[in-house]
Amino acid sequence: MLATSNQEVEVQLVEVTKRFGDVTAVESVSFTVHKGEFFSLLGPSGCGKTTTLRLIGGFEFPDTGEVYLNGRPMGRIPPNRRETNMVFQRLALFPHYSVFENVAFGLRMKRVPEAEIRRRVTTVLEMVQMSGFETRRITELSGGQQQRVALARALVNNPRVLLLDEPLSSLDLKLRLQMQEELKRLQRDLGTTFIYVTHDQGEALAMSDRIGIMNNGRLLQVGSPMEIYEHPSTPFVASFIGDTNLIQGSVDFVDEEVTAITASGLHLLVKRAGWETPGDQVYVCIRPERILMNSDRETGNVLHGKIQERLFKGHFVQYRIHVGPFTLQTTIPYGGSNRIFGMGEEVTISWDPHQAVLLQADEEGRNFDGYSPSRRDERAERTASTR
Ligand SMILES: Nc1ncnc2c1ncn2[C@@H]1O[C@H](COP(=O)(O)OP(=O)(O)OP(=O)(O)O)[C@@H](O)[C@H]1O
Ligand SMILES: [Mg+2]
């Protein structure tokens, strides 16, 4: 095994590349998934998530690099000879068959004895809370129930690794949240390794032991949800996981603990990263909930701004504040002793330099529209206001 870790490695990709004609769907991707881990691949549409999953399942083979399952190189071993099962992005159920027959299908193909089929299908339907639906047709089920059947059909084979490609994306929000909890519980109870593909960052944060963030066929960062939230490695990752303010500037000077940044006339302090030198083009990443408003605990960065927008979100209030040439977002918990600020109100905002992260302004991720630096486009605003 190539990985060096005391946890048992179940899946390993080593510099895997997959091209379709001119398109490089997956580019030199390497990562390791441990036994019993809930690992998610997260990224925007077309970034290579499904292709990565299909490479693990044996539905595609790498052009270069290798996929290892349980320490064995997979080469060109087909899906039915790998200890993986996949729940596909588009459900692949037989609409006119019963729930029972859909789940039993794979076992029948393998000529498993009838009594064992009955036992295994019954057990797995219980697991996904679909007991009593055995004779129903797929067309007579709700979207959530169909998802459960698709899951049961993959689980009935007792795979070592379950590959799930956006299994909840067709469900409405309430059902999706409910199924997230059920899936997580199921994974914990079974101890099966899950590799879960999603473009929903909330889903990935809530469910995963670790997340791999992809963009343009590349894997940008792997870490626990909290590690990635606290220490994003690039501006793209910072803006894709959670809300963030990205302030573009350049390095003024580097001190022992903090680095000074000039950003369009504003002077900011940020925790020293270690790689930066004066003159570097950088982003300061500060999460909305780390910014204090009119606080008597002002520290480090203290700036003046004007409230441009206020959105009541239930348990918190979100503000957009014009600060010099930037629009910064803040979120303040609703209720308790927190006051509500008014539109147009002048406020002082502040944050501790240690709450912000310094990031290199590299090219990667630039053309992704979810990647939005906090700089105000004043021309666009003027046009909008004169309309
Ligand atoms: N069979 C194929 N032939 C040609 N191009 C393909 C094929 N499969 C995928 N691609 C291309 O490879 C890239 C990655 O596709 P992939 O399906 O892995 O993305 P994804 O991250 O799963 O996206 P989505 O979130 O939309 O499902 C895309 O540019 C896609 O158009
Ligand atoms: Mg996909």
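Note that the structure is a prediction, hence the values are computed from the model and not measured.

Visitor: Explanation requested: the nonpolar core in the structure shown.
Guide: Soluble, globular proteins show a tendency: their nonpolar side chains are buried together. Residues V121 and L151 are the most contacted members of the largest nonpolar core, which totals 35 residues. When residues of this core are traced back to their parent elements, those giving at least two are α2 (99-109), α3 (114-127), α4 (143-155), β7 (161-165), α5 (173-190) and β8 (193-198). With six residues, the top contributor of residues to this core is α4. Contacts of V121, omitting those with residues within four sequence positions, involve F100, V103, A104, L107 and V156. Counting residues in each nonpolar core, the second largest holds 27 residues, with V282, V323, L328 and A356 among its members.

Visitor: Help me understand the side chain of Q145, please; the structure alone is not making it clear to me.
Guide: Within the secondary structure, Q145 sits in helix α4. Residue classification places Q145 among the buried positions, given a relative accessible area of 18%. If sequence neighbours within four positions are ignored, Q145 has contacts with M130 and F133.

Visitor: Just to check I follow, could you spell out the packing of α4 against α5 for this structure?
Guide: Relative placement of two packed helices is described by the angle separating their axes and the distance separating the axes. Closest axis-to-axis distance for the α4/α5 pair is 11 Å, and the angle between their directions is 20 degrees. If you check the angle between α4 and α5, you find them roughly parallel. Crossing hand, α4 versus α5: right-handed. Residues G144, Q147, R148, L151 and L155 of α4 form the contact with α5, whose own contacting residues are L175, Q178, M179, E182, L183, L186 and L190. Grouping the constituent residues of the contact of α4 with α5 by class yields seven nonpolar, three polar and two charged.

Visitor: Explain the site of ligand 1 to me, please; I cannot follow it from the model alone.
Guide: Taken together, 13 residues form the shell around ligand 1, and within it S45, G46, K49, T50 and T51 come nearest. One of the side-chain nitrogen or oxygen atoms of T50 is found 2.7 Å away from an oxygen atom of ligand 1. Between ligand 1 and E166 there is a distance of 3.5 Å, counted from an oxygen atom to a side-chain nitrogen or oxygen. For ligand 1, whose free accessible area comes to 640 Å², the fraction covered by protein is 61%. When residues of the shell around ligand 1 are traced back to their parent elements, those giving at least two are β2 (23-34) and α1 (49-57). When residues in the shell around ligand 1 are grouped by element, the largest group, three residues, is from α1.

Visitor: For this particular structure, what's the right way to read the pairing of strand β14 (residues 281-286)?
Guide: Residues in a regular strand project their side chains so that they alternate between the two faces of the sheet. Counting buried positions along β14 yields five of six residues, so the element is predominantly enclosed. Sheet analysis places strand β11 (residues 245-254) next to β14, joined by six bridges and oriented antiparallel. Within β14, the position partnered with G249 by the bridge is V282. The pairing of β14 with strand β20 (residues 357-360) spans four bridges and is classified as antiparallel.

Here is what the cut-offs are and how they apply
Residues numbered from 1 in each chain as written. Chains lettered and ligands numbered in written order. Predicted model: local features only at pLDDT ≥ 70, side-chain atom pairs only at ≥ 80, totals over all residues. Heavy atoms only, no water. Core = buried A, V, L, I, M, F, W, Y, C linked by side-chain atoms within 4.5 Å. Buried < 20%, exposed > 50% of the residue type's maximum accessible area, 1.4 Å probe, protein only. Helix = DSSP H or I, 4+ residues; strand = E, 2+ residues; numbered from the N terminus. Contact = heavy atoms within 4.5 Å. Axes fitted to C-alpha atoms, helices over the stretch in contact; angles between N-to-C directions. Parallel < 35°, antiparallel > 145°, perpendicular 65-115°, else oblique. Left-handed = near helix turned anticlockwise from the far one by under 90°. Nonpolar A, V, L, I, M, F, W, Y, C, P; charged D, E, K, R; others polar. Near = heavy atom within 4 Å. Polar contact = N/O pair within 3.5 Å; in protein donor to acceptor, adjacent residues only side chain to side chain. Areas by Shrake-Rupley, 256 points an atom, 1.4 Å probe, with all protein chains shown as cover. Pairing = 2+ DSSP bridges.

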